[in-house]
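Chain by chain, the residues:
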Amino acid sequence: MYKGLVILSYVFFTTGVVTASYRGYNFTDKDIRLIGGYSALEGRVEIRIHGVWGTMCSYGFDVNDANVLCRMLHKDLRSSGCTHSKDIGLMCVGCQNATLETAHGRLEHVNITNFGDVYSGSCIHGLPSQEFMFTCTPLGRWIELTNQCTNTVVRNIRLTGNSDYYMEGFVEVSVGDTWLPLCGYTNINRNNYYIDASKANIVCSMIGKRYKQSSYKRNLLEEPGVTITSCIGNETSISFCKHLKNHACPYQAWIACQDHSKYNIKTIQLENGSSPYEGRIAINVDNATGTVCFDGFDYEDAKVVCKMLGFSASWYYLDAYAVAEERYAMIKNLACNGKENHLHNCSYSVPSSLDKCQSKSTRILCTECGRLNVSHGNVQSYDFRTKTVTVLCYTDNPRTVQYICNRTGSWTSTTSCSPIQIQDVRLVGINSTILGGTVELKINNVWGTICETGLGHAERQVLCRMMNYRYINDINDFADSNVGFGPGSGTIHMESLRCSGSEKSITECAFSKGTTCSHANDAGVLCGDFYETVYLSDIRLVNGSNQFNGVVELLHDGVWRSLCGYSYNPSGMCSMLNMTYLTNRCCAKHEHRSGLILASNVYCNSKCAYRMRNFMFDDPFEYFRYLRDCDGSMILVCSECPKLNVSRGSLVYSEDGTTANLICREGHFSNITSFRCQNGKWTANNVECILSPPLNITQVRLADGPNANAGRLEITVKNTYGTICANEFIYVDGDIACKSINLRYRAAAVYNGSFYGPGTGPIYIDHLDCTSDRANIKDCLYRTTGACNHSNDVSLVCNECGKLVTNMDERMFLFNDSNIVMYGDCSFYKPYVGQLRAICENGTWKTIGNCIEYSKPLEVQSVRLVNGSNPAEGRVEMKVFYTWGTVCSDDFGMKEAEVICRMMGYLHAKSVAVKGSYGIGSGPIFIDDLNCEDDASHINDCEYTTYHNCSHEHDVSVICTDCDNVEIHEGRILTYPVMTTVNASLTFSCNEGFALSGAGTITCELSGKWSSSPPECTKKSNLTLILGASIGSGIMVVMAIIAVPVLCFMRRRNPTLSNIFRKSKDQSVTPNPNTYVSSAYRANAGAVQLYVNSRMNSSTEDYVIMDDITHPDEIRGLLLLH
């Protein structure tokens, strides 16, 4: 079969005749492909430019564009639809009337098979494993191949998840034998589907209830579920709604249901009390037991509950110690008139997680005596035998009080509880303000907090009234617990505060003294109307360098408070200090964390006032966000000097406000740029920037570059060359500078940081401001500040093309020596190697060449270890496509090191070196996440990726070992380089006076051992040594006679030979005494190494290389005399 040609066949049946046909797709050498799908007909769109594959943005993409892309793959293809995310995805099809949606579900994948182009999808009805398939025939017809879809019947629903409230939870539906989540929100084919009130009502009707509330973003799910797409509204089951199955659910639906009418309360009793007549109200509904919230509960409600128990209501109070998980909260805002005989006849609401009870459950006391009027305390217990009620007082004087129920139906007591004395109230906490914070009370000289349990609008209204502020509900609807002001400290004075809202102080309200709260539940409050005004009595600057600058603090009610953030009216604050406003900045650390003032709410004229922000009427939550995002206090800079007016420029003031520095606009300057405030006056009052005189630029050049059109930009003024600073220098400036050199030129590259070296002489321009209509650099506006230095001289490359225009990323291209050719390193993209060239021709850039994509399996041409002390250790580098690159150390271990070593001929790896031990590599990173098994011998036997997320700082290094390292004493290894890999051989020789004992050559065998043990050099006698051998075959004769300490090298006088001895230009070398030629060895053709040893010590051995020796006659003899 032709490589790259896919043959499709199909078979269909008509009147018993079998017909076969074929369609061929040839996707070879196409510059478009679909990636990530099941076949070449679906996936993410990628196009190839200069050999590099890239994606297409989906912005503005539609089906017409998709059809064009499919036809680029094959003339008979069209789009069946596209998916939009960051990259375009396509599914192409060769049949007419193509659509992604079918009656069975959505087409999800296509496979090119021997039976045709088979399109498949999961059934929208049925079990997750069921699917349907269609075949697109080569004649352009659709054939239904398989249909496993069955009707999806939702048999039942259930509410799951732990909740404090009755008949609510996350919805699960039963489809077949499987429970699946009901999706609260799903996006399918760019359509959003939600659980709205009508759909939630159908769900509740399936369990005989009606809808109360729902939420589609309560439980993050990200797994398949059932999605309701549409309902008419009168369905009795979601099975009759249009629904989809198996699509991912980002969120699971949460629903709260309630009875169609009142609860069917079967029984009612009091529990967890001191007697059967006192305790928490417990009602039984549908075999579930719940409680009545204290929200809105009053004495008339208590009368009806006690009447159901056969008694009179004596007292009702909050169950401060109730545990929320004990019972469902079933009723809140109970409203009875006291005449009803049953709760059925009263109105009430059903609480839920979205409409929570503000208070815990209700406790009541039912007796024969009727109402018990208790003030400044709470009922602690009731003894039904003695008919005595014990009340726990808020204070310790007295601690308890007892009330006795008389036969006459009245209550008697000998004493009463004393009221609690609140000495003061304040608002504290992180980012607290004058009008908002965590509430703290001072009782008996001890500051403490209030538990937020049961704290509602009425209680907060009384608290604000105690501080002489107004109160609005809209803001506090957003207030939970301490409203983000943080916990208080000290004693928790009270819990379950209960007020009517008309009280002047919370001392007139009911509360519990004992508490189960922690400071994490300290109550917070926000006071003030939307137009609330609070006057501030004084202002000061603190922590500044002098009296003119510092952190702003304002005095309110005897307390200095910091400003949060910026002020809309900072000049008024300086006016209050009898100074001139200069500037302000943010932010200093808050000096006073308690009672911050929002700076944007402060307005100052003759005095400062704090006003609530009007926008909070529209969005009260902005108030909290402003508080929590406050970074610190405003720093104000004032001056004793009058305001300086400046034209065509701006002033920058010093932090202490005593100095002003003038910055003129581009093209303007001033002879006076610094002003100082002294004794209420500036050193100069005329602050004016005038038009800069044009520079008399006579020449423009590019210096110290590789050619005349590239280099450091220099201009001549008054016959002196100088430079231009690179600050804010852009391509428009570069274009005009290049045009000043050659009218046809534009800036092809702009470099800062003295790219072509620092210049000398003056820096004429610090900020150049050219426009495209200028003809010469001398026509541009400029500014000189003296702030630049030659380390930031601007450099340019000029040519007729200007800035590079290419489909590739311009950052991959760099100029070399030419100003018209740029080179692009393909390894800029992953995973590519090679080089592109961008050539400027006739004023237009032309990019030529193609990058080469590499992928698994890599064709590794060679492997090496570099920067090591020997060939067996170093940074791993591989050659692929004639390019050396590295391997990433991610997940690289000993198994992977073993494979690298085996590829080089070593049997084993000794260790994996720490990253950076052998330096940082360059070029492409060919391999990342290498994962090898024990039996792998090549990286292509392993798992890895070529699209890395690595850097060269993580290049891996290894140390390999095979046969052991060999040492020989009083001798040497003649083989170079010394290798210990398999089949490597080593040849040995001994120093003069020593004889070789053992094999002169050993070989590293597959077993990892040498063929024999390394030889030894044993000492010989000190007599004259004569070593000889035939010289005809390239082996020298060496004659050593211990005689005269002069070494002579004699050779035929040959004028064509020069410098035979690399170590000396002389014809003879005079060594130290006892110096001798220990051996001669022909290392390679045409070169001879003479080993010279002095003082009979092998460690001082040196050698002379005799090169240019091509014939034995060129060496007459070598004589060593003693």
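See the structure above.
Attention now moves to the packing of aromatic side chains. Within a pair of aromatic rings, the relevant descriptors are the distance that separates the centres and the angle that separates the planes. Taken as a whole and assessed by the stated rule, the structure comprises 21 aromatic pairs. Ring geometry for Phe-815 and Trp-845: centres 6.3 Å apart, planes at 55°, overall tilted. Placement of Phe-815 in strand 61 (residues 813-815) and of Trp-845 in strand 65 (residues 844-848) is noted, with a sequence separation of 30 residues between them. Classification of Trp-845 by relative accessible area gives buried; the value is 9%. Here the aromatic residues Tyr-119, Phe-132, Phe-134 and Trp-142 are joined through ring pairs into a cluster of three or more. The cationic tip of Arg-371 hangs over the ring face of Tyr-299; the distance from NZ or CZ to the ring centre is 4.2 Å. The ring of Phe-384 carries Arg-385 above its face, with NZ or CZ at 5.5 Å from the centroid.

A separate point is the pattern of salt bridges. Under the counting rule described, the total for this entry stands at 28 salt bridges. For Lys-209, the salt bridge goes to Asp-286, with nearest N and O atoms at 3.0 Å. Taken together, the residues Lys-209 in the loop between helix 2 (197-205) and strand 17 (210-230) and Asp-286 in the loop between strand 20 (278-285) and strand 21 (288-292) connect sequence positions 77 residues apart. Overall, Lys-209 belongs to the buried group, its relative accessible area being 8%. Note on Asp-286: relative accessible area 34%, which makes it partly exposed. Across the salt bridge formed by Lys-803 and Glu-810, the nearest N and O atoms sit 3.9 Å from each other.

Leu-182 and Leu-343 are the most contacted members of the largest nonpolar core, which totals 49 residues. Looking at this core, the element that brings in the most residues is helix 3 (residues 299-308), giving 5 residues. Excluding residues that lie within four positions of it along the chain, Leu-182 makes contacts with Val-171, Glu-172, Val-173, Ile-195, Val-203, Val-226, Ile-228, Ile-238, Tyr-251, Gln-252 and Ala-253. Within the second largest apolar cluster, 44 residues are counted, among which are Ile-420, Met-494, Leu-497 and Leu-636.

All right, on to helix 8 (residues 731-741) then. Buried within helix 8 are the following residues: Asp-733, Gly-734, Ile-736, Ala-737, Cys-738 and Ser-740. Contacts from the buried residues of helix 8 go to strand 53 (697-707), strand 54 (710-717), strand 56 (746-751), strand 58 (767-769) and strand 60 (795-799).

Strand pairs in the sheet, formed through backbone hydrogen bonds, run parallel or antiparallel to each other. Spatial ordering of the open sheet is given by 61-62-64-65, a layout of 4 strands whose pairing is antiparallel. The open sheet is flanked by strand 61 and strand 65, the only strands paired with a single partner. The average undirected angle you get between the axes of adjacent strands in this sheet is 30°. As paired elements, strand 62 (residues 821-825) and strand 64 (residues 835-841) share 5 bridges and run antiparallel to each other. Residue pairing across strands places Gly-824 opposite Leu-836, the latter belonging to strand 64.

Turning next to the side chain of Thr-388. Within the secondary structure layout, Thr-388 lies in strand 27 (residues 388-393). When its relative accessible area of 12% is taken as the criterion, Thr-388 is described as buried. Engagement of the side chain of Thr-388 in a polar contact is seen with the side chain of Thr-386, the distance being 3.1 Å.

Now for helix 9 (residues 894-903). Among the residues of helix 9, Glu-896, Ala-897, Glu-898, Val-899, Ile-900 and Cys-901 are the ones counted as buried. In this structure, the buried side of helix 9 is in contact with strand 67 (860-866), strand 68 (873-880), strand 70 (908-913), strand 71 (925-931) and strand 73 (957-961). In the stretch just after helix 9, Gly-905 is the one whose phi turns positive, near 100°.

The omega angle of the peptide bond from Asn-397 to Pro-398 is -5°, so this bond is cis rather than trans. For Pro-398, the position within the fold is in the loop between strand 27 and strand 28 (400-405). Following Lys-856, the chain continues to Pro-857 via a peptide bond in cis, the omega torsion being 0°. Positionally, Pro-857 belongs in the loop between strand 66 (852-853) and strand 67. Of note in this structure, Ser-496 is not a glycine but carries a positive phi near 55°. Under the relative-accessibility criterion, Ser-496 is labelled buried at 4%. If you check the backbone angles, Asp-891 has positive phi at about 60° while not being a glycine. Turning to its location among the elements, Asp-891 is positioned in the loop between strand 69 (883-887) and helix 9. The class for Asp-891 is exposed, based on a relative accessible area of 63%.

Thresholds, definitions, all that
Residues numbered from 1 in each chain as written. Predicted model: local features only at pLDDT ≥ 70, side-chain atom pairs only at ≥ 80, totals over all residues. Heavy atoms only, no water. Phe/Tyr/Trp six-rings, centres within 6.5 Å; stacked < 30°, edge-to-face > 60°. Helix = DSSP H or I, 4+ residues; strand = E, 2+ residues; numbered from the N terminus. Buried < 20%, exposed > 50% of the residue type's maximum accessible area, 1.4 Å probe, protein only. Lys NZ or Arg CZ within 6 Å of the ring centre and 35° of its normal. Salt bridge = Lys/Arg side-chain N within 4 Å of Asp/Glu carboxyl O. Core = buried A, V, L, I, M, F, W, Y, C linked by side-chain atoms within 4.5 Å. Contact = heavy atoms within 4.5 Å. Pairing = 2+ DSSP bridges. Axes fitted to C-alpha atoms, helices over the stretch in contact; angles between N-to-C directions. Polar contact = N/O pair within 3.5 Å; in protein donor to acceptor, adjacent residues only side chain to side chain.

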